[in-house]
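The primary structure of each chain is shown beneath.
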Amino acid sequence: MPELPEVEVCRLGISPHIIAQTVSKVTIRDSRLRWPIPDEIHSVVGLQVLGVDRRAKYLLLRFKTGTLLLHLGMSGTIRIIEHDTPIVKHDHFDLAFQHGKVLRFNDPRRFGAVLWLANDEDKLGLLSKLGPEPLSDDFSQGYLFHKAKNRKVPIKTFLMNNHIVVGVGNIYANEALFQAGILPTAKTGAIDEQRLDRLTNIIKKVLSAAIAQGGTTLKDFTQADGRPGYFAQSLMVYGRAGQPCVTCQSKLQEIRQSNRSSVFCPNCQQD
DNA sequence: CTAGACGCCTGCGGGC
DNA sequence: TGCCCGCAGGCGTCTA
């Protein structure tokens, strides 16, 4: 389900339900995720949620003693539900609150994660090596050009590298490159500064628009209240291979890069 | 250091 | 209707 907009929509959806609420019970129903869910997360029982943050695609539930880190992987969903909602397949874990609601984590493919980080700890180095947030001022004019020097990788692979910039996954990489008029195969180090600055602005624009529309629902993404996101209808290239370009009517082409599908307009996008 | 391949999983849609 | 195959929004790890 998730790229940055979907995770942000999830954060916005769950925050009002759990901020300042006290955890009454933690249930680990199936600990098998990317890493096993650690028993230490039981330590949040009796503690208040102080805040709900996001870094890259990680959701960070802040407690006095540390941070509960949630990652949705490819297929994870988080719902805020009533305490008596029936369990379904792949419901891995619950955070129940004193006010009666439950945060429930479901993940069929188990690429997601639920981890505990004690204060000021980042044991797996998951957060410390990440590039800037794309919607922050750290992702600024000149930044991509600076990072792109001497890089030989295709620009799409470069954009999806978390060390460069976080949160740009396959859908939005395709969309941003289309809108910027840059071929996904373009050699990163050969793109001039002006075009990379334009790409930077477009990435911000595309991600912001997706958040505003509740994210992209392809098949299984839903907001915390179960409603779908509406950005799918705004997609211009992703999932549209073989269909006409919205700008010039040329037939959109599809290739594979790093084992991910790339869709582009051979007329509107250049090296 | 960079770049590329691989693996982890389940579910679903398309083709036969 | 059923089976098989390929593909899916991510990303850590390993090799060269």
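Everything numeric here is computed off the predicted structure, so don't read it as measured data.

*Asks:* Would you take a moment to explain the UniProt feature "active site" (unreviewed entry) in chain A for this structure?
*Replies:* Under the present numbering, the feature "active site" (unreviewed entry) in UniProt falls on Pro2, Glu3, Lys57 and Arg260. Taking relative accessible area as the criterion, Pro2 reaches 12% and is therefore assigned buried. Apart from the residues lying within four places of it in its own chain, the contact partners of Pro2 are Val7, Lys57, Leu72, Gly73 and Met74. Note on Lys57: relative accessible area 19%, which makes it buried. Ignoring any residue separated from it by four or fewer positions in sequence, one finds Lys57 in contact with Pro2, Glu3, Leu4, Val7, Leu70, His71, Gly167, Val168 and Gly169.

*Asks:* What am I meant to see in the UniProt feature "domain: FPG-type" (unreviewed entry) in chain A here?
*Replies:* As recorded in UniProt, the feature "domain: FPG-type" (unreviewed entry) lies at residues 236-270. Helix makes up 0% of residues 236-270 and strand 29%, and the two end C-alpha atoms of the span are 17 Å apart.

*Asks:* Would you mind going over the protein's contact with DNA strand B with me for this structure?
*Replies:* Every residue close to DNA strand B is listed here: Lys89, His90, Pro108, Arg109, Arg110, Phe111, Arg151, Lys152 and Val153. Here DNA strand B approaches the protein such that, of its atoms within 4 Å, sugar and phosphate make up 66%. Contacts to DNA strand B include Pro108, whose backbone N or O atom sits 3.4 Å from a sugar or linking oxygen. For DNA strand B, a phosphate oxygen lies 3.0 Å from a polar atom in the backbone of Lys152. Residues of the surface near DNA strand B, tallied by class, amount to three nonpolar, one polar and five charged.

Cut-offs applied
Residues numbered from 1 in each chain as written. Chains lettered and ligands numbered in written order. Predicted model: local features only at pLDDT ≥ 70, side-chain atom pairs only at ≥ 80, totals over all residues. Heavy atoms only, no water. UniProt positions renumbered as here; feature names shortened; annotations may be inferred. Buried < 20%, exposed > 50% of the residue type's maximum accessible area, 1.4 Å probe, protein only. Contact = heavy atoms within 4.5 Å. Helix = DSSP H or I, 4+ residues; strand = E, 2+ residues; numbered from the N terminus. Near = heavy atom within 4 Å. Polar contact = N/O pair within 3.5 Å; in protein donor to acceptor, adjacent residues only side chain to side chain. Nonpolar A, V, L, I, M, F, W, Y, C, P; charged D, E, K, R; others polar.

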